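Chain by chain, the residues run as shown.
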Amino acid sequence: MHVDNPIVAAEFDGRVPKSQQPRPESDWATVDIDAGPRQVVVLGCVLNGDSRHELACRDVSIDDTGELTRLSVTVQLEKHDPEGEVILTGPGEFYYRLRVEHEGATPREYRITHLDENGDEQLTANEVLFIKPGTRRG
């Protein structure tokens, strides 16, 4: 996982053991900014692949233009065991959690991208917080 400054730490769990009923019809992602002091948690679900796949967090970065601070995250589905036995056929349901600890102001904009195993975009979710620039949460 590529992590950019001013990120202090990033922890990714691409195998959150859960299911959702009714089953989601498409990928989704959301952000929790009240996760802790200078922390953001990204939660999401990727629908694709089969039991031989897993999720990888490819990129986590914060861009600060002075007026706007944006946290960008890219998650990609990859074939973990291409020769393995297919236990569950697709599309798989992969839930993930990413905790990001950052320095400075709380990002006001969030862009979360999901890629399939070929690198093609499945989802780009954008969220914007209505807070003043430079605000610190937590």
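Refer to the structure presented above.
Residues numbered from 1 in each chain as written. Predicted model: local features only at pLDDT ≥ 70, side-chain atom pairs only at ≥ 80, totals over all residues. Heavy atoms only, no water.

Caption draft 1: Summary view of the overall build of the protein chain. Helices and strands together make up the secondary structure of the protein chain, namely 0 helices and 9 strands. Going from the N terminus to the C terminus, the protein chain shows its helices and strands as β-β-β-β-β-β-β-β-β. Taken along its principal axes, the extent of the C-alpha atoms in the protein chain is 50 × 30 × 25 Å. Buried residues in the protein chain amount to 41% of all 138 residues. Sequence separation of 24 or more characterises 71% of the internal contacts of the protein chain that already satisfy a separation of 6 or more. Carbon together with sulfur atoms contributes 44% to the accessible area of the protein chain, which is approximately 7700 Å² in total. Looking at charge distribution, the protein chain has the averaged site of its 15 positive side-chain charges lying 6 Å from that of its 26 negative ones. (Helix = DSSP H or I, 4+ residues; strand = E, 2+ residues; numbered from the N terminus. Buried < 20%, exposed > 50% of the residue type's maximum accessible area, 1.4 Å probe, protein only. Contact = heavy atoms within 4.5 Å. Areas by Shrake-Rupley, 256 points an atom, 1.4 Å probe, with all protein chains shown as cover. Lys, Arg positive; Asp, Glu negative; His and termini not counted. Charge placed at Lys NZ, Arg CZ, Asp CG, Glu CD.)

Caption draft 2: A look at the sheet that holds strand S5 (residues 53–64). The strand order across the open sheet formed by 5 strands is S1-S5-S6-S8-S9, and the pairing between neighbours is mixed. Two strands close off the open sheet at either side, each with one partner strand: strand S1 (2–3) and strand S9 (121–128). Here S1 pairs with S5 via 2 bridges, running parallel. Residue pairing across strands places Val3 opposite Val60, the latter belonging to S5. (Pairing = 2+ DSSP bridges.)

Caption draft 3: Up close: the pattern of salt bridges. Under the definition given, this model contains 6 salt bridges. Note that Arg99 is salt-bridged to Glu11, the shortest N-O span being 2.8 Å. On the criterion of sequence distance, the pair formed by Arg99 in strand S7 (residues 93–102) and Glu11 in strand S2 (residues 7–13) is long-range, its members being 88 residues apart. Among the salt bridges present, the one from Arg70 reaches Glu109, with a minimum N-O distance of 2.6 Å. Taken together, the residues Arg70 in strand S6 (residues 69–79) and Glu109 in strand S8 (residues 109–115) connect sequence positions 39 residues apart. (Salt bridge = Lys/Arg side-chain N within 4 Å of Asp/Glu carboxyl O.)

Caption draft 4: Representation of the nonpolar core in the model. With 25 residues, the main nonpolar core has Leu71, Val73, Tyr96, Tyr110 and Ile112 as its most contacted residues. Elements that contribute at least two residues to this core include exactly strand S3 (28–36), strand S4 (39–47), S5, S6, S7, S8 and S9. Contacts of Ile112, omitting those with residues within four sequence positions, involve Ala29, Val31, Val42, Val73, Tyr96, Leu123, Thr124 and Ala125. (Core = buried A, V, L, I, M, F, W, Y, C linked by side-chain atoms within 4.5 Å.)

Caption draft 5: Layout of the sheet that holds S3. Taken in spatial order, the 4 strands of this open sheet run S2-S7-S4-S3, and their pairing is antiparallel. Two strands in the sheet have a free side with no partner beyond their single neighbour: S2 and S3. Each adjacent strand pair in this sheet contributes to an overall mean axis angle of 20°, direction not counted. As paired strands, S2 and S7 are joined by 6 bridges and run antiparallel to one another. The residue bridging Ala9 from the neighbouring strand is Glu101, located in S7. (Axes fitted to C-alpha atoms, helices over the stretch in contact; angles between N-to-C directions.)

Caption draft 6: Inspection of the pairing of S5 at higher detail. Direction of pairing for S5 relative to S6: antiparallel, over a ladder of 11 bridges. Bridge pairing in S6 links Cys57 to Val75. Connecting the antiparallel pair S5 and S6 is a turn made up of 4 residues, with Gly66 showing a positive phi of about 95°.

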